Amino acid sequence: MSTVVVARKGGTVAIASDALVTFGETRLPPGYEANDKLFAIGGSWIGAVGSTAHMPVLRQSLAALSPEELRLDSRDGLFETFLRLHPKLKDRFFLNTKEHDSDPYESSQFSIVIANAQGIYGVESYREVFEFERFWAIGSGRRFALGAMHAVWAGAKTAREVATAGVLAGCEFDTSSAGPLRLHTFKLKTRN
């Protein structure tokens, strides 16, 4: 699957990922497939894991939103954005919304993280939105990444250092993650 991380420290925000694409047991390392797990939109970087189909769908559907609809700079803004996006995912992209019979809501079938100058966020399949104070990771390398980021947190000066440690640990130990590291940083805006 992947290792995608976000981190916030020392007035900076970072988002990073590995670069491996897999199809079952088949690996497509860099140079074979140009799919990136991170993309920029509306002043933010978004990272996604799961089906490779999520990337073009998320890029196109988010880009089609008006500037008033595309709000990625707060927890409430993200919730409204993905609430608006869900019917479009079903109607235009034929999203299969069912995971389990006992699901409380229709699923959007993805797990994403967002980094921008306002902070670091995560959106899960039922449109649950999280705002992280330190760091988070998604994908099959998540546990390795979280452990590494926790281990370096106290000594790290920047979000870049924390995010790099997370992705490198995922690449080292997760069979579905491999380099090179892809990373983007922001200076964190101070809140009034």
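In what follows, the structure referred to is the one given above.
Quick caveat: nothing in here was measured; it's all calculated off a predicted structure.

1. Digging into the side chain of D174
Part 1 of the argument: Take D174: it is sitting in the loop between α4 (159-173) and β11 (182-187).
Part 2 of the argument: Look at D174: it is buried, it has no salt bridge, and the nearest opposite charge is R143 at 7.4 Å.
Part 3 of the argument: Side-chain polar atoms of D174 contact the side chain of S140, separated by 2.7 Å.
Part 4 of the argument: In this structure the side chain of D174 is engaged in a polar contact, spanning 2.6 Å, whose partner is the side chain of S177.
Part 5 of the argument: The residues contacting D174, other than those within four sequence positions of it, are S2, T3, S140, G141, F144 and A169.

2. Quick notes on α4
Part 1 of the argument: Its 15 residues place the ends of α4 22 Å apart at the C-alpha level, agreeing with the 21 Å of an ideal helix rising 1.5 Å per residue.
Part 2 of the argument: Considered for burial, the residues of α4 that qualify are A159, V162, A163, A165, G166, V167, A169 and G170.
Part 3 of the argument: For α4, the elements touching its buried residues are β1 (4-9), β2 (12-17), β10 (135-138), α3 (142-153) and β11.

3. Side note on the sheet that holds β2
Part 1 of the argument: Taken together, 4 strands build an open sheet; the order of strands is β10-β1-β2-β11 and the sheet is antiparallel. The sheet is open, and its two borders are formed by β10 and β11, each paired with just one other strand. Across the sheet, the mean angle from the axis of one strand to that of its neighbour is 10°, orientation sign disregarded.
Part 2 of the argument: Bridge count for β2 against β11 is 6 bridges, and the pairing is antiparallel. Across the sheet, the residue bridging to T12 is K187, located in β11.
Part 3 of the argument: Packing against the sheet, α3 makes contact with β1 and β10, and its axis sits at approximately 160° to β10.
Part 4 of the argument: Where α4 meets the sheet, its contacts fall on β1, β2, β10 and β11, and the angle it forms with β1 comes to roughly 155°.

4. Comments concerning the nonpolar core
Part 1 of the argument: Counting residues in hydrophobic clusters, the biggest one holds 20 residues, and the most contacted among them are I46, L58, L62, L78, F82, I112 and V123.
Part 2 of the argument: Among the secondary structure elements, those contributing two or more residues to this core are β5 (38-41), β6 (44-49), α1 (54-63), α2 (75-93), β7 (111-116) and β8 (119-123).
Part 3 of the argument: Ranked by residues supplied to this core, first place goes to α2 with 4 residues.
Part 4 of the argument: Here L58 is in contact with F39, A48, F82, L85, F110 and I112, once residues within four sequence places are set aside.
Part 5 of the argument: In this structure, V5, A14, F135 and A159 belong to the second largest nonpolar core, which totals 16 residues.

5. Some details on the side chain of K9
Part 1 of the argument: Mapped onto the fold, K9 is located in strand β1.
Part 2 of the argument: The side chain of K9 is buried and forms no salt bridge, while E161, the nearest opposite charge, is found at 8.0 Å.
Part 3 of the argument: The residues contacting K9, other than those within four sequence positions of it, are W153, A154, A156, K157, T158, A159 and V162.

6. Topic: the sheet that holds β6
Part 1 of the argument: Across the sheet, 5 strands lie side by side as β5-β6-β7-β8-β9; this open sheet has antiparallel pairing. Either end of the sheet is taken by a strand with one partner, and the two such strands are β5 and β9 (129-132). Taking the axes of each pair of neighbouring strands and ignoring which way they run, one obtains an average angle of 25° across the sheet.
Part 2 of the argument: Examined bridge by bridge, β7 and β8 share 5 bridges and lie antiparallel to one another. Along β8, the bridge assignment pairs A115 with I120.
Part 3 of the argument: Docked against the sheet, α1 engages β5, β6 and β7, running at close to 5° with respect to β5.

7. With respect to unusual backbone geometry
Part 1 of the argument: With omega at 5°, the peptide bond leading from G179 into P180 counts as cis.
Part 2 of the argument: Tracing the backbone through its elements, the reader meets P180 in the loop between α4 and β11.

How each quantity is defined
- Residues numbered from 1 in each chain as written.
- Predicted model: local features only at pLDDT ≥ 70, side-chain atom pairs only at ≥ 80, totals over all residues.
- Heavy atoms only, no water.
- Helix = DSSP H or I, 4+ residues; strand = E, 2+ residues; numbered from the N terminus.
- Buried < 20%, exposed > 50% of the residue type's maximum accessible area, 1.4 Å probe, protein only.
- Lys, Arg positive; Asp, Glu negative; His and termini not counted.
- Salt bridge = Lys/Arg side-chain N within 4 Å of Asp/Glu carboxyl O.
- Polar contact = N/O pair within 3.5 Å; in protein donor to acceptor, adjacent residues only side chain to side chain.
- Contact = heavy atoms within 4.5 Å.
- Expected span 1.5 Å × (residues − 1).
- Pairing = 2+ DSSP bridges.
- Axes fitted to C-alpha atoms, helices over the stretch in contact; angles between N-to-C directions.
- Core = buried A, V, L, I, M, F, W, Y, C linked by side-chain atoms within 4.5 Å.

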